[in-house]
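For reference, the chains in residue letters:
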Amino acid sequence: MSTEKILMKGNEAIAEAALRAGCRFYAGYPITPQSEILEYMAAHMKEWGGTFIQGENEIASMSMLWGAAAAGARCMSSSSGPGYDLKQEGISYLSSYNLPAVIVDVMRYGTGDGEITEGQDSYWEAVRGGGHGDKRCIVLAPASVDECAKLTYEAFDLAEKYRNVVIILSDGAISQMVEQCTLPEAKEHDINKFDWTLTETKKKEDKKNKVTNLDRTIGKPAFNSMMREKFKTMFETEQRWEEVETEDAELILVAYGISSRVCKTAVREARKKGLKLGLIRPISVWPYPRKAFENIPDHVKGYVTVEMSLSSQMGEDILLACKHQRPLYGYLTAEDVPEPEGLIEYCEKILAGEIEAMEVL
Amino acid sequence: MADIILAGFGGQGVLTAGLILINVAVKQDKNVTWTSSYGAEMRGGTASCSVVISDEEIGSPYPTKLDVLLALNEPSYDKFLPMVREGGTVIVNSSLVKKENYPDNVNVWKIAATDLANEQGAARNTNIYMLGAFVKATGMMEKDFFIEQMNAYFEKKGKINPANAVSIERGYELAEKV
Amino acid sequence: MAGMKKPESIVQTAGYCGGCGHGIIQRLIAESVEELGIAEKTIAVVDIACAYWSLDALNFDGIAGPHGRCASVATGIKKVRPDANVYVHAGDGCSYVIGLAETCFAAARDIPITMIVVNNGIFGMTGGQLCLATTLEGDWTVSSVKGRNVEDTGKPFDVLQMLKSMDIEFAARGAVYDAKHIRELKKYIKKGFENQRDKKGFSIIEVLSPCPTNWKMTPVQAMEKIKDETEKIFPTGVFVDRGGAK
């Protein structure tokens with residue numbers, strides 16, 4: 001199958017790209033607004049010769065995934081909000097065992113009792129890690145349907161490259177949106193390609209593999225230095241971001257996912273009025289693209305974090321990235337998708353000195 | 001090029017109409033986005049979807065100012081009319097939207113979509129009549145090309161129905177500018 | 001018969017307490033897969049609790065934990081490696097309490113794995129707390145120091161009876177308190193592996209097993225307790241046999 005450009009929903013693009021990346025095991029539990037991923041896998045996984053399981057709960061689904069990952073398969077699960085909370089046990093175990101897997105979190109806002117809305121309230125949970133353990137997950141945040149496919153496809157390679165969990169941090173808006181999408185070429189994954197997996201093919205004299213906390217098998221000093229090196233390499237190598245009109249910007253908006261889409265419109269509209277806005281759009285939110293905040297030019301007067309949360313979850317990362325050299329402002333809209341007009345007005349007020357810089361709580 | 005909202009009751013085919021639009025638009029090499037409202041708005045009696053068709057990269061998929069509104073019922077008309085730009089186009093399903101006066105600063109087109117669909121014996125084609133009127137009112141897409149691409153869309157879904165082309169033709173023909 | 005020769009699959013000592021039943025069970029597992037010639041295809045799933053010791057003791061590919069989720073982990077492995085001989089060695093806390101849902105749904109899906117559940121009526125690794133599914137009424141544990149009060153905790157329940165309503169391959173309960181029962185238990189365990197070899201369905205073998213350390217008993221007293229008390233509540237024998245391996 002060659003690459004092709006088609007119209008798809010964000011969720012479908014994630015599922016299709018996963019299948020094309022060689023994902024042959026999916027287990028999950030229904031929850032809005034990620035259910036299309038599960039439904040797509042239910043409909044299509046068999047055609048690809050893989051296994052789809054609708055789990056009895058998130059925890060069981062993650063454990064099945066964990067078994068499949070330990071046995072060498074490319075595997076994925078997905079959830080939202082409270083369902084993603086329940087995945088933390090599995091993510092912690094996958095991490096402590098250094099098993100590769102791709103987990104999708106389609107964020108929504110709050111518990112969603114009675115009403116499901118878009119949101120970006122799970123940044124901390126995904127980026128800082130909701131579960132226990134001394135770990136770092138690579139977290140990629142698509143801002144278009146095309147990127148849903150591209151990043152998911154790549155996530156499987158990254159997961160294996162580092163033997164690490166990779167999280168796709170989508171949101172209710174991106175997940176439900178239909179756009180053009182270029183689907184990557186389908187490839188097969190060889191479940192026997194690694195020497196550390198559980199297999200049924202070893203010979204009597206072969207060393208048997210124990211999949212457990214890695215420090216038990218390679219020893220603590222080796223494990224510790226390996227992990228330090230891994231965190232460092234992932235941090236240095238995997239920073240991804242996009243910049244829009246930053247060359248002469250007075251204020252730089254910082255946003256990912258659906259918020260970044262609104263910011264693109266805001267930058268364009270603001271410039272029509274002579275207001276010089278720019279945008280830094282983190283694509284990897286861990287590692288955070290700190291390189292985008294190096295050598296800040298004089299024309300930049302401050303950063304504006306635009307998030308669908310009230311607690312400015314990403315704001316901390318911006319302050320760390322710019323080393324507190326510029327003030328940070330927050331346009332924080334919780335369950336409402338931000339509107340470009342309101343954002344532009346807010347930026348005008350910042351430049352007029354009417355808005356106080358934000359403290360990150 | 002165009003920021004569009006299609007809105008009506010759940011069941012009037014509003015979401016499908018939006019999907020047909022973007023499927024035709026991509027064949028014109030446009031960039032498109034389609035988003036549907038879910039949650040609060042659905043419970044407010046309206047189902048709606050936003051469609052953006054553009055030559056440029058699309059930023060926000062949620063337009064706040066509209067070039068075109070397709071209102072399939074009166075609550076949708078009332079709700080979304082204030083978002084329509086000066087000089088924009090409003091297409092109303094006059095079977096259900098019965099206003100005595102329409103604003104002067106926008107171009108209003110009427111089509112009795114529900115009645116016409118019922119007359120045709122294709123009650124679910126209200127949305128297709130609206131699209132016929134859309135093609136006429138906006139001139140964004142050439143009619144025969146639209147029909148061809150719409151049929152291709154349904155064909156992919158295995159739902160070919162010759163009544164659809166008839167509905168577009170009739171909607172095109174009978175749409176009236178107020 | 002295997003006699004007293006140590007199975008080759010046992011490659012190191014395990015850390016079980018004196019008088020523990022886990023070691024007997026572990027040995028029966030090793031003997032069975034060797035006799036069936038499937039040791040090299042075997043993948044062990046052990047719980048993060050006392051069964052964890054068998055991970056290193058047995059020369060199989062193996063994976064441990066998360067506590068309670070062994071049936072799910074085994075499901076994942078078996079689905080992507082259907083030719084592997086995948087078994088679970090876990091306790092009653094794992095399989096019947098925190099992981100009851102996982103056990104039941106692995107059974108409901110009729111996943112062709114062999115699940116060996118050690119019923120010792122107590123949470124051994126964490127220091128002897130009450131096991132909701134299996135601690136007998138009135139029994140002392142560190143979290144029921146006046147004896148299990150069923151008004152507070154509910155009564156113990158028989159999971160194999162529950163599983164009888166599901167379309168599974170094989171369910172049996174054995175015990176390790178005397179040679180006769182150990183021989184019987186070995187037949188059950190072997191049957192569980194044969195079912196898997198022959199591509200049959202879900203097999204579960206529960207084992208009544210002593211925990212002298214946490215029961216605060218001598219090994220002999222503990223065995224007698226199983227015979228005189230536990231087996232009365234949790235009878236041994238075959239609960240389900242769909243036909244399976246011949």
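A quick note: this is a predicted structure, and the numbers were derived from the prediction, not measured.

Conventions we followed
- Counting from 1, residues in each chain are numbered in the order their sequence is written.
- Naming scheme: in the order in which they are written, chains are lettered from A and ligands are numbered from 1.
- Local features in this predicted model are restricted to residues of pLDDT 70 or higher, and side-chain atom pairs are both shown and tallied only at a pLDDT of 80 or more, whereas totals for entire chains, interfaces and linings draw on every residue.
- Values reported for side chains reflect all heavy atoms of the structure, with hydrogen atoms and water molecules removed beforehand.
- The way it works is that DSSP assigns letters per residue, a run of H or I at least four long becomes a helix, a run of E at least two long becomes a strand, and they are numbered from the N terminus.
- In this treatment the radius of gyration is a C-alpha quantity, and the globule benchmark scales as 2.2 Å times the residue count to the 0.38 power.
- Exposure is judged per residue with a 1.4 Å probe applied to protein chains only, and the accessible area is read against the type maximum: over 50% gives exposed, under 20% gives buried, and values in between give partly exposed.
- The contact definition used throughout considers only heavy atoms, calling two residues in contact when any of these lie within 4.5 Å.
- Computed by Shrake-Rupley with a 1.4 Å probe, the accessible areas treat only the displayed protein chains as cover when residues are assessed.
- Charged residues are defined narrowly, with Lys and Arg counted positive, Asp and Glu counted negative, and His plus the chain ends left uncounted.
- Taken as the charge location is NZ of Lys, CZ of Arg, CG of Asp or CD of Glu.
- Here the quantity called buried area is the total loss of accessible area, with a 1.4 Å probe, experienced by two parts when brought into contact, counted for both.
- Just to be clear on terms, a salt bridge is a Lys or Arg side-chain nitrogen sitting within 4 Å of an Asp or Glu carboxyl oxygen.
- Among buried residues, the Ala, Val, Leu, Ile, Met, Phe, Trp, Tyr and Cys ones that are joined through side-chain atoms within 4.5 Å form a nonpolar core.
- Domain boundaries shown here were taken from an automatic or database domain assignment.
- Pairs of N or O atoms within 3.5 Å make up the polar contacts considered here, provided that, within protein, one atom can donate a hydrogen while the other can accept it, and that residues adjacent in sequence are counted only when both atoms are side-chain atoms.
- Asp, Glu, Lys and Arg are counted as charged, while Ala, Val, Leu, Ile, Met, Phe, Trp, Tyr, Cys and Pro are counted as nonpolar; the rest, among them Gly, fall into the polar class.
- Paired strands, as defined in this entry, are two strands with at least two bridges between them according to DSSP.
- UniProt positions are given in the numbering used here, feature names are shortened, and annotations may be inferred rather than shown by experiment.
- Here, expected helix span is obtained from the residue count minus one, scaled by 1.5 Å.
- For helices, the fitted line uses only the C-alpha atoms of the stretch in contact; every axis is such a line through C-alpha atoms, and the angle between N-to-C directions lies from 0 to 180 degrees.
- Geometric relationships in this document are graded by angle, where less than 35 degrees denotes roughly parallel, more than 145 denotes roughly antiparallel, 65 to 115 denotes roughly perpendicular, and other angles denote oblique.
- Stacked, edge-to-face and tilted labels apply to pairs of Phe, Tyr and Trp rings (six-membered ring for Trp) whose centres lie within 6.5 Å, assigned for plane angles under 30 degrees, over 60, and everything in between, in that order.
- Definition used: whenever NZ (Lys) or CZ (Arg) falls within 6 Å of the ring centre and also within 35 degrees of the ring normal, the charge is taken to sit over that ring.

### Considerations on the overall build of chain C
When you go through chain C residue by residue, the secondary structure sums to ten helices and nine strands. Against the compact-globule benchmark of 18 Å for 246 residues, chain C has a radius of gyration of 17 Å, which places it among compact chains. Overall size of chain C, expressed as C-alpha extent along the three principal axes, is 50 × 40 × 30 Å. In chain C, which comprises 246 residues, the proportion classed as buried is 59%. In chain C, the share of contacts with a sequence separation of at least 24, taken over all contacts with a separation of at least 6, comes to 71%. Total accessible area on chain C stands at roughly 9,400 Å², and carbon and sulfur atoms take up 56% of it. For chain C, the separation between the mean place of its 29 positive charges and that of its 29 negative charges on side chains is 3 Å.

### With respect to the interface of chain A and chain C
On the side of chain C, 33 residues touch chain A, which itself brings 35 residues to the contact. Of the roughly 2,900 Å² buried at the junction of chain A and chain C (both faces included), carbon and sulfur atoms supply 53%. Together, A:Glu56, A:Glu200 and A:Lys210 form the three largest contributors to the area buried by chain A at its contact with chain C, with a combined 23%. Run the count over chain A and chain C and you get six salt bridges.

### A few points about unusual backbone geometry
All names here are of chain A. Going from Thr 32 to Pro 33, the amide bond is cis rather than trans, its omega being 0°. Inspection of the secondary structure puts Pro 33 in the loop between strand E2 (25-28) and helix H2 (35-44). Following Trp 286, the chain continues into Pro 287 via a peptide bond in cis, with omega recorded as -5°. One can find Pro 287 in the loop between strand E13 (284-286) and strand E14 (302-307). You will see that Ala 334, though not glycine, has its phi angle at about 50°, which is positive.

### Notes on the nonpolar core
A:Met76, A:Leu94, A:Ile103, A:Phe293, A:Tyr303, C:Ile63 and C:Ile204 are the most contacted members of the largest nonpolar core, which has 146 residues in total. For this core, the leading source of residues is helix H7 (residues 145-162) of chain A, giving ten residues. Inspection of this core shows a minimum of three residues originating in each of domain 1 (4-200 + 215-237) and domain 2 (242-351) of chain A. Formed by 43 residues, the second largest nonpolar core is a distinct cluster that contains B:Val14, B:Trp34, B:Val68 and B:Trp109.

### Quick notes on the interface of chain A and chain B
At the junction of the two partners, chain A supplies 25 residues and chain B supplies 23 residues. Three residues, A:Leu7, A:Val178 and A:Gln180, lead the burial of chain A against chain B; their summed loss comes to 26% of the area buried on that side. Summed over the shared surface of chain A and chain B, the number is three salt bridges. Linking A:Glu341 and B:Lys65 is a salt bridge whose minimum nitrogen-to-oxygen distance equals 4.0 Å. Counting across the interface, chain A meets chain B through twelve residue pairs in polar contact (both at pLDDT 80 or more). For the side of chain A that touches chain B, the secondary structure elements donating two or more residues are strand E1 (4-9), helix H8 (172-176), strand E8 (178-183), helix H11 (257-272) and helix H13 (340-351) of chain A. Per element, the largest residue contribution to the side of chain A that touches chain B is six residues, and it comes from H11(A). Split into classes, the residues belonging to the side of chain A that touches chain B amount to ten nonpolar, six polar and nine charged. Pairing of E8(A) with strand E2 (residues 31-36) of chain B involves two bridges; the strand directions are antiparallel. The residue of E2(B) that forms the bridge with A:Glu179 is B:Thr33.

### Topic: the UniProt feature "domain: Thiamine pyrophosphate enzyme TPP-binding" (unreviewed entry) in chain C
As recorded in UniProt, the feature "domain: Thiamine pyrophosphate enzyme TPP-binding" (unreviewed entry) lies at residues 59-207 of chain C. For residues 59-207 of chain C, helix accounts for 37% and strand for 21%, while the C-alpha atoms at its two ends are 22 Å apart.

### Describing the environment of A:Glu147
Residues and elements named next belong to chain A. Summarising the element assignment, Glu 147 is placed in helix H7. Relative accessible area serves as the criterion here: at 9%, Glu 147 is assigned to the buried category. Once the C-alpha coordinates of Glu 147 and Ala 13 are considered, the two residues, 134 residues apart in sequence, prove to be 8.7 Å apart.

### Side note on the pattern of salt bridges
Residue and element names in this part refer to chain A. Counting across every chain of the model gives 53 salt bridges over all chains. Close ionic contact of Lys 87 with Glu 58 constitutes a salt bridge, the shortest N to O distance being 2.6 Å. Of this pair, Lys 87 sits in the loop between helix H4 (81-86) and helix H5 (88-96) while Glu 58 is found in helix H3 (residues 58-70), placing the two residues 29 residues apart along the sequence. For the pair Lys 87 and Glu 58, a shared accessibility class is recorded, and that class is buried. A salt bridge links Arg 271 to Glu 245, with the shortest nitrogen-to-oxygen separation between them at 3.6 Å. Highlighted residues: Arg 271 in helix H11 and Glu 245 in the loop between strand E10 (241-244) and strand E11 (251-254), separated in sequence by 26 residues. One continuous salt-bridge network, built from bridges that share partners, spans Arg 74, Asp 157, Glu 160, Lys 187 and Lys 193.

### Regarding helix H6 (residues 143-156) of chain B
All names here are of chain B. Taking 1.5 Å of rise per residue, the 14 residues of H6 would be expected to cover 20 Å, and the 20 Å separating its terminal C-alpha atoms lies within 8% of that figure. Along H6, the positions that sit buried rather than exposed are Lys 143, Phe 146, Ile 147, Gln 149, Met 150, Tyr 153 and Phe 154. The inward-facing, buried residues of H6 contact helix H1 (14-26), helix H5 (126-138) and helix H7 (163-174). Gly 158 lies just past H6 and shows a positive phi near 70°.

### A closer look at H3(A)
All names here are of chain A. Relative to the 18 Å expected for 13 residues at 1.5 Å per residue, H3 spans 18 Å between its end C-alpha atoms, a close match to the ideal helical length. Buried residues dominate H3, accounting for 13 of its 13 residues. Positive backbone phi, approximately 100°, marks Gly 72, located one or two places after H3.

### Concerning the domain arrangement of chain A
All names here are of chain A. Along its sequence, chain A is organised into domain 1 (4-200 + 215-237) and domain 2 (242-351). At the junction of the two partners, domain 1 supplies 33 residues and domain 2 supplies 30 residues. Carbon and sulfur atoms make up 56% of the area that domain 1 and domain 2 hide from each other, which totals about 2,600 Å². Among the residues of domain 1 in contact with domain 2, Gln 120, Tyr 123 and Phe 235 are the three that bury the most area, contributing 29% of the side total.

### Looking at the arrangement of the chains
Contact analysis covers two pairs of chains in contact, and the most contacts occur between chains A and C. Chain C makes no contact with chain B, the minimum C-alpha separation between the two being 32 Å.

### Considering the packing of helix H3 (residues 70-80) of chain C against helix H5 (residues 100-108) of chain C
Residue and element names in this part refer to chain C. Running from N to C, H3 and H5 point in directions that differ by 40°, and their axes come no closer than 7 Å. In this view, H3 runs oblique relative to H5, as classed from their interaxial angle. Taken together, the residues of H5 that come into contact with H3 (itself represented by Ala 71, Ser 72 and Thr 75) are Glu 102, Thr 103 and Ala 106. A breakdown of the residues in the contact of H3 with H5 according to their chemical character gives two nonpolar, three polar and one charged.

### Notes on the pairing of strand E5 (residues 101-107) of chain A
Two faces make up the sheet, and in a regular strand the side chains alternate between them. Residues and elements named next belong to chain A. Summarising burial for E5: seven of the seven residues are buried, a large majority. Side chains Ala 101, Ile 103, Asp 105 and Met 107 of E5 all project onto a buried face; the interleaved residues Val 102, Val 104 and Val 106 project onto the opposite face, where all are buried too. Relative to strand E7 (residues 165-171), E5 runs parallel, the two sharing seven bridges. Note on E7: the bridge partner recorded for Val 106 is Ser 170.

### Re the packing of aromatic side chains
By the definition in use, this model includes 15 aromatic pairs over all chains. A centroid spacing of 6.2 Å and a plane angle of 90° characterise the contact between C:Phe60 and C:Tyr87, whose relative ring orientation is edge-to-face. Of this pair, C:Phe60 sits in the loop between helix H2 (53-57) and strand E2 (61-64) while C:Tyr87 sits in strand E3 (residues 85-91), and the two are 27 residues apart along the sequence. C:Tyr87 matches C:Phe60 in its accessibility class, with the two residues each being buried. The structure contains a cluster of three or more aromatic residues connected by ring pairs, namely A:Trp66, A:Tyr93 and A:Tyr97. In this structure, B:Lys136 is placed above the aromatic ring of B:Tyr172, and the distance from its NZ or CZ to the ring centre is 5.3 Å. In this structure, B:Lys143 packs its charged tip against the face of B:Tyr172, placed 4.9 Å from the ring centre.

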